[in-house]
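Report on the structure
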Amino acid sequence: MARSVPPWPLPGVVILLSSLALFLFISPPVASAPADDADALLRFKESLGNSDTLKNWVVGTTPCRLRPKPRWVGVLCYNETLWGLQLENMGLTGMIDVDALVGLNHLRTISIAGNSFDGPFPDFSKLGALKSVYVSRNAFSGEIPAEAFASMGSLKKLHLSHNEFTGSIPVSLTRAGKLIDLRLDDNQFTGKIPDFKQAGLNFVNVSSNQLEGPIPAVLSNLNSNLFSDNKDLCGKPLDMSCGSPKKKISTVLLVILILIGIAIALGILWAIWAFFRRDSSEEDELSRTAKGKTVDVDGHEQGSPRYSSVELKTAREQQEQGRLVFVASDRERFELQDLMRASAEVLRSSNFGSSYKAALLSGSALVVKRFRQMNGVGREDFQEHMRRLGRLKHTNLVPLVAFYYRKDEKLLVTDFIGNESLVQALHGNRSPNHPTLDWPARLRIVKGVARGLSFLHMELPTLILPHGHLKSSNVVLGENFEPLLTDYGLDPVMSKDAKHLLVAYQSPEYAQTGQVTRKSDVWSLGILILEILTGKYPANFLPQGGSNDDADLAGWVNSVVREEWTGEVFDKDMERTRNAEGEMLKLLTIGLGCCELDMGKRWDLEKAAKKIEELKEMEYDDSSYASDSDVYTTAVTDDEFSFSRNN
C-alpha cells in the first residue's frame, strides 16, 4: 500500500503566499518589451490617415530589431530600444493618438513636421519625459492651453512654426527649466511674450505673429530678426523703445485734425488750379522753348540724366539682393560688398559648388562657398536651416559665420583654416615642405572626425543625414592637424536633382533602393577610415586585374582579409610606426564594420565611435616595422580583429 502524504499545514501555505506577494511587490518593474512597443505604434498608426509610408509597420515584426527585418520607417532606436519617432514630410493626416504612445517608456523625441495634420495642439503633456517636440509646417490651429507644458519638465526643444495657432503663448513654457530652443514663428499668437527666465534658453523665434509689449530681458541678446513682423513689440534687440502707453485721442481733437486736413486738401487743389491757369503768353513761351530741345530715339532729352537698360537691370538686381545674415553674434560684421571688394583666391571648384578665400581689409580671412544646386529652396526654409547649423559649436566642426540668400544664388561664409585639407595631406606631393602623416597623426584625425560626426548625429536627430557629404576633401586640418568637418547638414537644402552629388548618396543602399539612412553617414566614415589607412583614393583605386564592379576600396580590402593579410595594405608612410600593427588592424576592422553592404550588419555610429576612442597612439622609430615578407593571418569577428604573425 502506498504511503499517504500528509496535507500541507495551513500556516505553511500562508507563509508561502505572503513571501510570493512580497517578492512581487519589491521586484523592479520590467521595461516595456519590444512587443509592447509594436502594439503601441500599431494603435498609433490606426489614428493616422494616408499612412502608406509606414507600410513596414506590420504585426509580427519588431520596431527596433535589425534582423531578420529592418527597423520600422521613422523609428529612432538605440541598442534596439525605441527612443524617438521621426515622421517628417510623409503626407500624414488624421488625429495624433497620444494615448497610444503613453506606453513607450523610453520615448524622448517626436517629430511630425511637414505633414498635413490639423485641429488643436495634441496633448503631449501625457508624455512627460519628452525632450524634443517638432510639429512645424502643419495646419494645427486654435489656442494652446496655458498649462499645456506644465508636466513636461524634460522639454528642451519645441518647434511650432508655420501653423495657425492663436491666443497667448502658453505661460507654462516659462517653467520648462531645461528649455533651450523655442520656435513659434509664422503663427497668429497674440498678447505679450511671457517672462522667460531660463538661462539656457539660447534661441527663441516669435517672428510673424501678432505679439505686442516688451521683450523679456533674457531674450534681449538674440537677433532682431527673431522678433520681426509683429504688431507692437518693443525693447531690445529691436530699435523701438518701450515708452509710456498711448492715450486715446479725444473727439474734439479728432474733429480739429479732420478740419485741418480738409483745409490742406483744398489749398493743394487751389494751387493745382492756379498752376494750370497761367496766362497764355507764358504757355506759348514754354511751348517754343520745348520745341527747341533735341530728343533721341528713346524719348530722352539730350543733356538730361539717362540710364541704360543694363544700369536699370543692375539697379533692380541690387534692390532684390538681400543682406548677409550672421548666425554668430560675436563675429565681426561686414557687408556683401566687403566680400566683393576683398582679394579673392579660388580654393576649389566642382559640380557641387565653388569655394573662394576672401581677405577682408581688416585682415580677417574667410571662405565663401557658392552653391549651384540650391535654387529650389524657399527663403524661410533656407534661413531656418542655416540658423540651425549656425548654432552648432564643436571643436571638430568649421563653424558657419554667415549666409546669403537670393532665389538664384546661395552663399555660405565660414572661417578660413590656414592648413590644408585631409585629401591634400594624404595624396599631395611628397616634399620636405609637405610632411607625411604618421600613425599617431592619422589616429588623432580619425578620432576627431568621429567626435564631430557623433556630435552632428546627436544635435540633429531629425535629419536623415546629419552630415551627408563626409569625405577627405571636406576635412580641414588645423595647425596641429586637428580635423574640422565642413559641408555638413546640407541635404535638406539641396535640390532633388542634385542630391546624388552628396557622398552619402553613393552608399550601397542608395544604389539598391534609392534611399539613404543615418547609417549612410556611417558608411562614409568607414570609407574615410580605409582611405586614411591605405593612402588610396576610394573612387579611383582599381585592384590589379579587377573589374569595375570591384573598384571600391572597401571591396578590395575585404577581398584581402578573406585570403591573407600582408603589410601592403597600409600606407607606406606609416612604415616607421613601432608596435602599432595591432591598433592599426583594430582601426581597419572598424572601417570594414562601417562599410558593410548589409545595413543590418553595418555598425552603429555609437559603436564605431566607442571603438575608435579605445585605440592608442604608439611611438615610432626606423627599424621595427614589419618587412614586406611578413604575413599576418587574420580573423574578423563582430567586435575585434585578431591576428598572428607567420614568418
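So, here's what we can say about the structure. One numbering rule holds for all chains: residues counted from 1, following each sequence as written. The model is predicted, so local features are restricted to residues of pLDDT at least 70 and side-chain atom pairs to those at 80 or more, both for listing and for counting; the totals for chains, interfaces and linings are taken over all residues. Processing note: side-chain calculations cover all non-hydrogen atoms of the structure and skip hydrogens and water entirely.

Below, the discussion takes up the layout of surface pockets. A pocket here means an open set of points on a 1 Å grid, computed over the protein atoms alone, that has protein on both sides within 12 Å along at least five of seven lines. A cavity is instead a set of points where a 1.4 Å probe fits but cannot get out; residues with an atom within 4 Å of a point line either one. Grid points are joined across faces, edges and corners, and a volume is the space filled by probe spheres set on the points. Considered as a void within the structure, the second largest pocket measures approximately 800 Å³ in volume. Contributing to the lining of the second largest pocket are 32 residues, with Asn202, Phe203, Leu222, Val327 and Arg391 lying nearest its centre. A run of DSSP states H or I qualifies as a helix once it reaches four residues; a run of E qualifies as a strand once it reaches two. Both are numbered from the N-terminal end. Taken together, the elements giving at least two residues each to the lining of the second largest pocket come down to strand S9 (157-159), strand S11 (181-183), strand S16 (325-326), helix H8 (379-390) and helix H10 (439-459). With three residues, the single largest contributor to the lining of the second largest pocket is H8. Across the lining of the second largest pocket, the residue classes tally to 15 nonpolar, seven polar and 10 charged. Three categories are distinguished: nonpolar for Ala, Val, Leu, Ile, Met, Phe, Trp, Tyr, Cys and Pro, charged for Asp, Glu, Lys and Arg, and polar for the others, with Gly belonging to the last.

Our focus in this paragraph is the side chain of Ser207. For Ser207, the location among the structural elements is in the loop between strand S13 (203-205) and strand S14 (210-214). Accessibility here uses a 1.4 Å probe with only protein chains present; expressed as a share of the type maximum, an area under 20% marks a residue as buried, one over 50% as exposed, and anything in between as partly exposed. We classify Ser207 as buried; its relative accessible area is 9%. In this description, contact between two residues means that some pair of their heavy atoms is separated by no more than 4.5 Å. In this structure, Ser207 is in contact with Asp185, Asp186, Asn225, Leu226, Phe227, Ser228 and Asn230, ignoring residues within four places of it in sequence.

With that settled, consider the packing of aromatic side chains. Each Phe, Tyr or Trp ring (for Trp, its six-membered ring) is paired with any other whose centre lies within 6.5 Å, and the angle between the two planes then decides the class: stacked below 30 degrees, edge-to-face above 60, tilted in between. Under the criterion given, the structure shown has 11 aromatic pairs. Taking 6.3 Å as the distance between ring centres and 10 degrees as the angle between the ring planes, the aromatic pair formed by Phe117 and Phe140 counts as stacked. You can see Phe117 sitting in the loop between strand S5 (109-111) and strand S6 (118-119) and its partner Phe140 sitting in strand S8 (residues 139-143), a full 23 residues away along the chain. On the numbers, 5.9 Å between centres and 75 degrees between planes, the contact of Phe121 with Phe165 is edge-to-face. Of this pair, Phe121 sits in the loop between S6 and strand S7 (132-134) while Phe165 sits in strand S10 (residues 164-167); the two residues are 44 residues apart in sequence, bridging distant segments of the chain. Assessed through its relative accessible area of 0%, Phe165 is described here as buried. Taking the ring centre of Phe203 as reference, the NZ or CZ of Arg391 above it sits at 3.9 Å. In this scheme, Lys NZ or Arg CZ marks a charge over a ring once it lies within 6 Å of the ring centre and within 35 degrees of the ring normal.

A few words on the nonpolar core. Take the buried Ala, Val, Leu, Ile, Met, Phe, Trp, Tyr and Cys residues and link them wherever side-chain atoms come within 4.5 Å; each set so joined is a nonpolar core. Ranked by size, the top nonpolar core spans 76 residues in total, and within it Phe382, Leu422, Leu587 and Ile590 carry the most contacts. Broken down by element, the residue count for this core peaks at 10 residues, all from H10. Ranked by size, the runner-up nonpolar core spans 61 residues in total, among them Leu48, Leu130, Ile144 and Ala148.

At least two bridges found by DSSP between two strands are what make those strands a pair. Here we have six strands laid out as an open sheet, ordered S6-S8-S10-S12-S14-S15, and parallel in their pairing. Edge positions in the open sheet fall to S6 and strand S15 (232-234), since each of these has one partner strand only. Inspection of the sheet shows S8 paired to S10 by three bridges, in the parallel sense. The residue bridging Gly142 from the neighbouring strand is Phe165, located in S10.

Now for the environment of Val401. One can find Val401 in strand S20 (residues 400-406). Residue Val401 is classed as buried on the basis of its relative accessible area of 1%. Each C-alpha atom of the pair Val401 and Arg387 lies 10.0 Å from the other, and the pair is 14 residues apart in sequence. Among residues more than four places away in sequence, those in contact with Val401 are Val325, Phe326, Val327, Ala328, Arg331, Val413, Thr414 and Asp415.

So, on to the pairing of strand S12 (residues 188-191). Strand direction decides the pairing type here: S10 and S12, joined by two bridges, are parallel. Bridging from a neighbouring strand, Gly167 pairs with Phe189 of S12. Sheet analysis places S12 next to S14, joined by two bridges and oriented parallel. Each residue of the ladder has a partner; that of Thr190, found in S14, is Gln210.

Residues in a regular strand project their side chains so that they alternate between the two faces of the sheet. The buried count for S20 comes to seven of seven residues, which makes it a mostly enclosed element. The pairing of S20 with strand S21 (residues 409-415) spans six bridges and is antiparallel. Its bridge partner lying in S21, Tyr405 is registered against Lys410. In textbook terms, the turn of a hairpin is the stretch between consecutive antiparallel strands, and for S20 and S21 this stretch comprises two residues.

Turning our attention to the sheet that holds S9. In space, the seven strands of this open sheet follow the order S2-S3-S5-S7-S9-S11-S13, with mixed pairing throughout. Both edges of this open sheet fall to strand S2 (75-78) and S13, since each of them pairs with a single strand only. Between one strand axis and the next, the sheet turns by 15 degrees as a mean value, whatever way the strands run. Note that S2 and strand S3 (residues 81-86) share four bridges and pair antiparallel. Paired with Leu76 across the two strands is Gly84, which belongs to S3. With axes taken as lines fitted to C-alpha atoms, and helix axes fitted only over the stretch in contact, angles between N-to-C directions fall between 0 and 180 degrees.

Next up on the list: the state of the cysteines. When the sulfur atoms of two cysteines come within 2.5 Å, that pair is taken as a disulfide. Going through the model one piece at a time under the given rule, you end up with two disulfides. The side chain of Cys234 participates in a disulfide bridge whose partner is Cys242; the two sulfur atoms lie 2.0 Å from each other. Judged by the sign of its S-S torsion, about 105 degrees, the bond between Cys234 and Cys242 is right-handed. Here the chain pairs its bonded cysteines, counted in sequence order, in the arrangement 1-2, 3-4. No disulfide involves Cys594; its nearest neighbouring cysteine sulfur is the one of Cys595, lying 6.6 Å away. Residue classification places Cys594 among the buried positions, given a relative accessible area of 0%.

In a packed pair of helices, the relevant descriptors are the angle between the two axes and the axis-to-axis distance. Direction vectors running N to C along helix H12 (residues 519-534) and helix H14 (residues 581-594) enclose 145 degrees, while the axes themselves pass 7 Å from each other. Considering how the two elements wind past one another, H12 and H14 form a crossing that is left-handed. Only Met584, Leu587, Leu588, Ile590, Gly591, Leu592 and Cys594 of H14 make contact with H12, whose side of the interface consists of Val522, Trp523, Gly526, Ile529, Leu530 and Leu533. Of the residues contributing to the contact of H12 with H14, the split by class is 11 nonpolar, two polar and no charged. Left-handed is the label given to a crossing in which the near helix is rotated counterclockwise from the far helix by less than a right angle, and right-handed is the label when the rotation is clockwise.

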